[in-house]
Amino acid sequence: MAARPRGAPGWRRGATLSPWRMVIGLGFVSLAADMVADGGKSIFGPFLGSLGASALTIGAVMGAAEAVSLILRLVVGPLADRAGNHWSWTIAGYGLTAVSIPMLAVAPRLGASGLAVAIALILVERAGKALRSPSKTALLAHAAGAVGRGRGFGVHKTLDLVGATMGPLVVAAVIAVTGATEPALLVLVVPGAATMALLVWLRRRVPDPSVYDHDRHGPADGGGRSAPGAAAAPTAGSWWGATFGAALPREFFVFAAASGLVTAGLVSYGISSYHLVRAGLIPLPGAPLVFAGAMGVAAVAALATGLLYDRHGPGVLLALPLLVALVPPLVLGGGLGRALAGMACWGAAVGIQDATVKALVADLVPATRRASAYGVFAAIQGVAALTGGLAVGALYEVSVPWLVAFVAACQLAALALLLVVLGRRRRSPRLRPA
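Residues numbered from 1 in each chain as written. Predicted model: local features only at pLDDT ≥ 70, side-chain atom pairs only at ≥ 80, totals over all residues. Heavy atoms only, no water.

Colleague: Would you mind going over the overall build of the chain in detail, with residue names and values included?
Modeller: The helix and strand inventory of the chain stands at 18 helices and zero strands. A burial count over the chain gives 57% of its 434 residues as buried. Looking at the chain alone, contacts between residues at least 24 apart form 85% of all its contacts between residues at least 6 apart. For the chain, the accessible surface area stands at approximately 16,200 Å², while carbon and sulfur atoms represent 69% of it. (Helix = DSSP H or I, 4+ residues; strand = E, 2+ residues; numbered from the N terminus. Buried < 20%, exposed > 50% of the residue type's maximum accessible area, 1.4 Å probe, protein only. Contact = heavy atoms within 4.5 Å. Areas by Shrake-Rupley, 256 points an atom, 1.4 Å probe, with all protein chains shown as cover.)

Given below as structure tokens:
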């Protein structure tokens, strides 16, 4: 192999954007897409309620939507790894989101079938997230590895959550002006179009982000940490084995189980906003405003814990079960002040889940198996999301104290499993920072 010219970074051979610019570019893609997805999500609870849904139905729909988003990745991740066409999956998935959420505007005009159509569109949008997420995260992991994985994922998630804040604010403003949800959903066509245009531009500039793997840290994992088995982790083998995580480290599955328990206990915003509106604590236009505030907290939490992860390791994740356990007694058990504090805890938990948790997954598995690992990880969370959504929806209508106890039990179990993973990392040199 010809020697690289002195001073020429590896990415120059196959990309016209630096690793940081790629991280930021993907961050702006997520920003625009989350304006669409979370603009809609911020009113899903009261929106479905206005179409005739009960709390149990809303909990089931929110749980099923997350399950579709997460479990489908079990199939998509290995397919993308084997074909290597991560850009194609990413673009297709974002396209479904850009179309499905604005189309919800037609549901209130469809009479008795409106609720069924709305549920179907919500599920289609989450299927789009499933199609794109393993591949998008694999693309991001290449670039983030060259700048510090916790830092890269944290910056990306911060931009993502800026969009998750802006979208609900736009929706709230349009509802306040028009008094209707349909125009608020239709206006989300604009950031959806911006998402697709930016994706096409990034693909042209960086057709193969794996060139970043040799930029600053050599042929190792790229984030300053050694991925276990990275040198001998092939992408070949049976599709069945790849789909269900054959040869992935044991610590990965323990961590996935812990994260699944966290997800099962994380009360969805659909239930929270339904409660806040039904209890008269906020009006309908206030639901997206509360969601926007929670996403602002999530952005700060994602960036802060990402930096702490790079400096001090994954011990920062021990705060996650505590935050999740605080949500139901605060949001469902008092006045507006307590509810807003609970939503701040919810936002911080979401920020940590979507950024720092993914950084640890990338550090636990070989680089060639990341999309498959993210698929397996998401599938475990998906089963937990569906189970938790059904349990929370049912318990909300029966007994809030029992709901609080269910969430607390899930988080205690999650904390125990997290301590097992962290103890294993301290004892094993190959699982510690390089």
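Colleague: Could you give me a rundown of the packing of helix H13 (residues 286-312) against helix H15 (residues 336-354), with the residues and numbers involved?
Modeller: Put simply, H13 and H15 touch, their axes get as near as 7 Å, and they point 45° apart. Judged on the interaxial angle alone, H15 and H13 are oblique. When the axes of H13 and H15 are compared, the crossing they make is right-handed. Here Val 290, Phe 291, Ala 294, Met 295, Val 297, Ala 298, Ala 301, Ala 302 and Thr 305 of H13 lie close against H15, whose contacting residues are Leu 340, Met 343, Ala 344, Trp 346, Gly 347, Ala 348, Val 350, Gly 351 and Ile 352. Among the residues forming the contact of H13 with H15, the class breakdown is 15 nonpolar, three polar and no charged. (Axes fitted to C-alpha atoms, helices over the stretch in contact; angles between N-to-C directions. Parallel < 35°, antiparallel > 145°, perpendicular 65-115°, else oblique. Left-handed = near helix turned anticlockwise from the far one by under 90°. Nonpolar A, V, L, I, M, F, W, Y, C, P; charged D, E, K, R; others polar.)

Colleague: Before we move on, could you go through the pattern of salt bridges and cite the residues and values that matter?
Modeller: If you walk through the whole model with that rule in mind, you get one salt bridge. Arg 126 is the partner of Glu 125 in a salt bridge, and the nearest nitrogen-oxygen pair spans 2.6 Å. By relative accessible area, which is 3% here, Glu 125 ends up buried. (Salt bridge = Lys/Arg side-chain N within 4 Å of Asp/Glu carboxyl O.)

Colleague: Got a sec to walk through the nonpolar core? Specific residues and values, please.
Modeller: Counting residues in each nonpolar core, the largest one holds 109 residues, and the members touching the most others are Leu 48, Leu 104, Phe 255, Met 295 and Trp 346. Here the element with the most residues in this core is H13; it accounts for ten residues. The residues contacting Phe 255, other than those within four sequence positions of it, are Leu 317, Val 357, Leu 360, Val 361, Leu 364, Phe 377, Leu 418 and Val 421. (Core = buried A, V, L, I, M, F, W, Y, C linked by side-chain atoms within 4.5 Å.)

Colleague: Please give an account of the packing of aromatic side chains that cites residues and values.
Modeller: Describing an aromatic ring pair means giving the distance of the ring centres and the angle of the ring planes. Counted under the stated rule, the structure contains seven aromatic pairs. Measuring from ring centre to ring centre gives 4.9 Å for Tyr 269 and Phe 291, while their planes differ by 65°; the resulting arrangement is edge-to-face. Highlighted residues: Tyr 269 in helix H12 (residues 269-278) and Phe 291 in helix H13, separated in sequence by 22 residues. Neither Tyr 269 nor Phe 291 differs from the other in exposure class; each is buried. By way of ring pairs, the aromatic residues Phe 252, Phe 253, Phe 255 and Phe 377 are connected into one cluster. (Phe/Tyr/Trp six-rings, centres within 6.5 Å; stacked < 30°, edge-to-face > 60°.)

Colleague: Before we move on, can you summarise helix H9 (residues 189-205) with the specific residues and values?
Modeller: With 17 residues, H9 should reach 24 Å at 1.5 Å per residue; the first-to-last C-alpha distance of 25 Å fits that figure. Those residues of H9 that fall on the buried side of the exposure criterion are Pro 191, Gly 192, Thr 195, Leu 199 and Leu 202. The buried residues of H9 occupy an angular sector of 105° when projected down its axis, which confines them to one face. With respect to the buried face of H9, the exposed residues turned more than 90 degrees away are Val 190 and Arg 204. Structurally, H9 contributes buried residues whose contacts are with helix H1 (19-41) and helix H5 (86-103). (Expected span 1.5 Å × (residues − 1). Arc of directions from axis to C-beta.)

Colleague: Describe in detail the environment of Met 166, supporting the description with residues and values.
Modeller: Mapped onto the secondary structure, Met 166 falls in helix H7 (residues 149-178). Along the sequence, Met 166 and Pro 288 sit 122 residues apart, while their C-alpha atoms lie 9.8 Å from each other. The contact partners of Met 166, leaving out residues within four places of it in the chain, are Leu 31 and Met 35.

Colleague: I'd like to hear about the side chain of Arg 132, residue by residue, with values.
Modeller: With respect to the secondary-structure elements, Arg 132 resides in helix H6 (residues 114-145). Glu 125 provides the closest opposite charge to the buried, salt-bridge-free Arg 132, at an N-O distance of 4.3 Å. Residues within four places of Arg 132 in sequence aside, it is in contact with Trp 89, Thr 90, Gly 93, Tyr 94, Thr 97 and Glu 125. (Lys, Arg positive; Asp, Glu negative; His and termini not counted.)

Colleague: Report on the side chain of Thr 263, specifying residues and quantitative values.
Modeller: Locating Thr 263 in the fold gives a position in helix H11 (residues 250-265). Classification of Thr 263 by relative accessible area gives buried; the value is 14%. In contact with Thr 263, other than residues within four places in its own chain, are Gln 353, Gln 381, Ala 384 and Ala 385.

Colleague: Account for the environment of Leu 340, with residues named and values stated.
Modeller: As for its position among the elements, Leu 340 is in helix H15. Its relative accessible area of 41% is what places Leu 340 among the partly exposed residues.

Colleague: Residues and numbers for the packing of helix H3 (residues 55-71) against helix H4 (residues 73-83), please.
Modeller: Relative orientation of the contacting elements H3 and H4 amounts to 20°, with a least axis distance of 5 Å. When the axis of H3 is compared with that of H4, the two are roughly parallel. Every residue of H4 that contacts H3 at Ser 69, Leu 70 and Ile 71 is listed here: Arg 73, Leu 74 and Val 75. For the contact of H3 with H4, the residue count by class is four nonpolar, one polar and one charged.

Colleague: Go over H11 with me, naming the residues and quoting the values.
Modeller: The first and last C-alpha atoms of H11 sit 23 Å apart over 16 residues, in line with the 22 Å expected at 1.5 Å per residue. Every buried residue of H11 is listed here: Glu 251, Phe 252, Phe 255, Ala 256, Ala 258, Ser 259, Gly 260, Val 262, Thr 263, Ala 264 and Gly 265.

Colleague: How would you sum up the confidence of the model for the chain? Please name residues and give values.
Modeller: Of the residues in the chain, 86% have a pLDDT of 70 or more, and the chain-wide mean is 81. Low pLDDT, under 50, characterises residues 1-8; the stretch is placed with four contacts to residues that sit more than four places away or in other chains. Considering only residues more than four positions removed or in separate chains, one finds that residues 216-236, a stretch of pLDDT under 50, has 55 contacts. (pLDDT = per-residue confidence, 0-100.)

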